[in-house]
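Listed below are the residues making up each chain.
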Amino acid sequence: MLGYAGKLLEVNLSSRKVKDVKLGDEILKEYVGGRGLAVKILWDRLGDHWETVNPLGSENVLLFLTGPLTGFFPGARTCVSGKSPQSNGVVGSTVAGEFGVELRCAGYDGIIVTGKAEKPVYLFVKDSDVEIRSAAHVWGKDAKQTMTLLTRECRGLLKKRFPRYGEWKEPAMLYIGPAGENLVRTAVVAAKWTHAAGYGGYGAVMGSKKLKAVVVKGTGPLPEAADMEKVKQLTQVVCDKIYKNELWRRWGTASAGYEVGAKTSSEPVRNWQEEWHNRKSYTVDKFENRFWVKHYWGDFGCPTTCLKIAVIKNGRFKGAITDNPDYELQAYLGTNLGIFTPEENVFLASLIDDLGLCGIQTGNTLGFVAELFQRGILTREDLDGLEPEWGNIEAFAALTKKIAFREGIGDLLAEGTYRAALKIGERKKVDVLRYAVQCKGIGVGAHGIRSGKDYPINISYACSVQGGDHTSVACFPLDDFRSELVMIFNDSAVYCYFNTFGIPRDIKFEFYKAVTGVNLTEEEWVNTKALRILQLQRAMLLLGGPDLRWNPKIHDDNPSRFYEPLPSGPYKGKTVDKTKFEKDKKRYYEAVGWDENGVPRSETLKKLGLDDVDKALEKIRQVNFSLS
Amino acid sequence: MTARKKRIWIARDPSKCSGCRKCEIACSLFHEKRVWPEASRIRVFMLVPGVEVPHFCVQCEDYPCVEACPVNALSVSSETGAVLVDEGKCTGCGMCIKACPGKIPHLHPTKNYILICDLCGGDPQCVKACQEGGWNALKIVSRKDYAYEVYARTPEEITKDLAVKFYGEKGKELV
């Protein structure tokens, strides 16, 4: 099919066997790529025994997938997926960078990794040459060391093997830090020091397979497009629009660390005890003027370049390097921990990058711990002598390291907020789940719903098939621009949705047609293809296991905190109305074809051709979640 | 002298490069009709994240690459001053790469000839892409009697310099 390289690379790390996998056009048309294709592959391979698959066992299937628009639509990304060690369902987690472009230029639309290596390895793909190489010398290394050593090594190999070629550009790389190696459930699959596929916890999946990195150099062109002239023209339309958005380009999301607190009042402050702050010490100009050494930093084909490189050159945090930090990390590694000092935020974000942790998920856990400390539920003794008072950067940095290496209390916190809450609750005989701000094992992104002024709505996280993921939220109507049914397209065609802001919505489907030659309307997408992907994700989320399962009656809900009134700010007193939430939840179930228990209905699944899913869900329907 | 006055040069400032690689896209679309980063005559090296280096011919006064070619496959355009590759004559021996102080030329990834920036015949597509985005890492200036060849440095050398500028003295250890 046009727009595709035409094959996937499958690597079995147990047998060290490598093969090509071809997918039929029908599958590609229905599932597109990225998240959609991940869901299909995972269901086909693991669906009939999903509940027994340990996300951190050799039986899990790890996917690195591109889509037909990767490299064509401005802003290239790669989708990482598998059974998630956070939700026990599937998350389509995307990371920006050149990896997907290199992969497609090497002749692959994606990589399927199965099994588990005996000793640490990394994959080196140069076009059709695939090697499983020892990673003994980089195991334990942080992000920067890993990238330096593997870039050097792989460029050296290329130079040796192709001595007449000239200077080799670096291959692209996805890797894990110590956190992934140590199976921390909030570990990321990272790129370029600061980029990460965060939601889902796939860094731990890589770690469980003893796969330190995947390095790719592709020397061919991107796959042939159906109508390259049209691709060029549409690219121009997107870029012209984005170029005019001066401040979005200049600040990226970094202005939000102040604005989302001060204006929309939906920023996590001290583990979401508040969602408002107006601290002028913590504004974008402070970051820009004090730390940014590169003001416009982006990835392949991106007109926005929303990233900015922040470096601390003097003082106690000298040597810290990170990007922006962007809004999510300004919030989760800043305000959520009572930190309003830009230096401390840059330092903590840098540490998180180096260790290969997710800033959102880890910041969520750190905030949770700090609140338990504030309430006296966890004490200095429980926390290896640390005292994580709000704003105590030393304590938060120490806890972060403990999590990455699973040392002391870090071993428990490395399980992520939800699992840690269950264990702490048991140990302390206190209900601490009420302080865990998460959905389906995934910490909620830094966009609150209580003020009603931010983009997510009351059911957004509670009904999402990706839990707390703020980039994939449930919304009315189903074709709303925020709705995850619409968003699935970005993550399946695989490009950065930031480059769709302010762009007419049909453009991405025109783009899809120009690349693949296939007609697709948004209506068809939302009502059939995306809906099918959503049902499969929902089915695997509900099947869950083996350590945890979700009961929609209990778990299709907001974190308790969101039912507490906002204590401060312009929307003081506002909260989520539980009665209205329940009503809206039922309305959403109805709209996406789920029964009153939140299980996809037989007729919904049959209509979408998912008869096998229907059969697999019978066991859930019979149990009927009588637990509650 | 009159022909020379019209000549252009592409001024480059790697510290302003965003790493968007639109120059590679534009170059390969122009020369190869495909999006093909490895076949682009301008290549953005990122040996260290954040240090993106657009790497392409500087048109040295003495053209050492042209001098070094054993089969006379390289010539200088009388119109633009760019190095032109005779794809039929070039054997891909790599002598021009060795002669280049910046190791700038590289082989076409699938064909047996060398790739060197030809200034798109006087209307460089990479500069258009960079200017549209407002990054200003690439800019057209009129060519004067400056020592342009000093810009012909290896990606490693440029990266080390910039890494120190951005990240401090330990920056060069990252390369």
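Residues numbered from 1 in each chain as written. Chains lettered and ligands numbered in written order. Predicted model: local features only at pLDDT ≥ 70, side-chain atom pairs only at ≥ 80, totals over all residues.

Student: Before we move on, could you go through the sheet that holds strand β15 (residues 321-323) of chain A and cite the residues and values that matter?
Tutor: Residues and elements named next belong to chain A. Strand order in the open sheet formed by 3 strands is β13-β14-β15, with antiparallel pairing between adjacent strands. The sheet is open, and its two borders are formed by β13 (292-297) and β15, each paired with just one other strand. With strand direction ignored, the average angle separating the axes of adjacent strands in the sheet is 15 degrees. Bridge count for β13 against strand β14 (residues 307-311) is 3 bridges, and the pairing is antiparallel. Within the sheet, the bridge partner assigned to Trp-297 lies in β14 and is Leu-307. Docked against the sheet, helix α12 (residues 342-355) engages β14 and β15, running at close to 90 degrees with respect to β15. (Pairing = 2+ DSSP bridges. Helix = DSSP H or I, 4+ residues; strand = E, 2+ residues; numbered from the N terminus. Axes fitted to C-alpha atoms, helices over the stretch in contact; angles between N-to-C directions. Contact = placed C-beta atoms within 7 Å.)

Student: How would you explain the domain arrangement of chain A if you had to name every residue and give the values?
Tutor: Residue and element names in this part refer to chain A. Structurally, chain A comprises domain 1 (8-217) and domain 2 (245-443). With 31 residues of domain 1 at the interface, the matching set in domain 2 holds 28 residues. Within the residue set of the side of domain 1 that touches domain 2, elements represented by two or more residues are α4 (143-161) and α5 (178-181). Top element by residues in the side of domain 1 that touches domain 2 is α5. It accounts for 3 residues. Split by residue class, the side of domain 1 that touches domain 2 holds 15 nonpolar, 12 polar and 4 charged. (Domains from an automatic or database assignment. Nonpolar A, V, L, I, M, F, W, Y, C, P; charged D, E, K, R; others polar.)

Student: Which residues make up the packing of α12(A) against helix α14 (residues 393-405) of chain A, and what values go with them?
Tutor: All names here are of chain A. Running from amino to carboxyl end, α12 crosses α14 at an angle of 5 degrees, the nearest separation of the two axes being 10 Å. As far as their axial angle goes, α14 and α12 are roughly parallel. Along the contact surface, α12 presents Glu-344, Leu-348, Leu-351, Ile-352 and Leu-355, while α14 presents Ile-393, Phe-396, Ala-397, Thr-400 and Ala-404. Classifying every residue of the contact of α12 with α14 by side-chain character gives 8 nonpolar, 1 polar and 1 charged. (Parallel < 35°, antiparallel > 145°, perpendicular 65-115°, else oblique.)

Student: Break down the interface of chain B and chain A for me, citing the residues and quoting the values.
Tutor: The interface of chain B with chain A comprises 37 residues on the first partner and 38 residues on the second. Here the side of chain B that touches chain A takes 4 residues from strand β2 (residues 43-48) of chain B, the largest share from any one element.

Student: Let's hear about the sheet that holds strand β3 (residues 62-65) of chain A: which residues, and what values?
Tutor: All names here are of chain A. With mixed pairing, the 6 strands of this open sheet are ordered in space as β2-β1-β6-β3-β4-β5. The open sheet has two edge strands, β2 (17-21) and β5 (93-96), and neither has a second partner. If you compare each strand with its neighbour and ignore which way they point, the axes differ by 20 degrees on average. When strand β4 (residues 77-81) meets β5, the two strands line up antiparallel, connected through 4 bridges. Of the residues in β5, the one forming a bridge with Cys-79 is Thr-94.

Student: Outline the nonpolar core, listing residues and values.
Tutor: Residues and elements named next belong to chain A. Residues Tyr-122, Met-173, Leu-174, Val-189, Val-214, Val-215 and Leu-357 are the most contacted members of the largest nonpolar core, which totals 267 residues. Examining the composition of this core, we find that 12 residues originate from one element, helix α19 (residues 522-543), more than from any other. Here this core gathers at least three residues from each of two domains, domain 1 (8-217) and domain 2 (245-443). Those residues within four positions of Met-173 in sequence are excluded, and the remaining contacts are Phe-99, Met-147, Leu-150, Ala-191, Ala-213, Val-214 and Val-215. (Core = buried A, V, L, I, M, F, W, Y, C linked by C-beta atoms within 7 Å. Buried ≥ 20, exposed ≤ 12 C-beta atoms within 10 Å, placed from the backbone.)

Student: Can you tell me about the pairing of β4(A), naming the residues and giving the values?
Tutor: Residues and elements named next belong to chain A. Most of β4 is tucked away, with 5 of its 5 residues classed as buried. Neither face of β4 is open: one carries Arg-77, Cys-79 and Ser-81, the other Thr-78 and Val-80, and all of them are buried. Here β3 runs beside β4; their pairing, made up of 3 bridges, is antiparallel. If you follow Phe-64 over to β4, its bridge partner there is Val-80.

Student: Pulling in residues and values, what's your account of α19(A)?
Tutor: Owing to its 3.6 residues per turn, the α-helix aligns residues three or four sequence positions apart on the same side. Residues and elements named next belong to chain A. Under the 1.5 Å per step criterion, the end-to-end length of α19 is 29 Å for 22 residues, consistent within 8% with the ideal 32 Å. Of all the bends in α19, the greatest, near 40 degrees, is centred on Leu-531. Burial within α19 is extensive, with 17 of its 22 residues counted as buried. (Expected span 1.5 Å × (residues − 1). Bend = angle between axes of the 7 residues up to and from the residue.)

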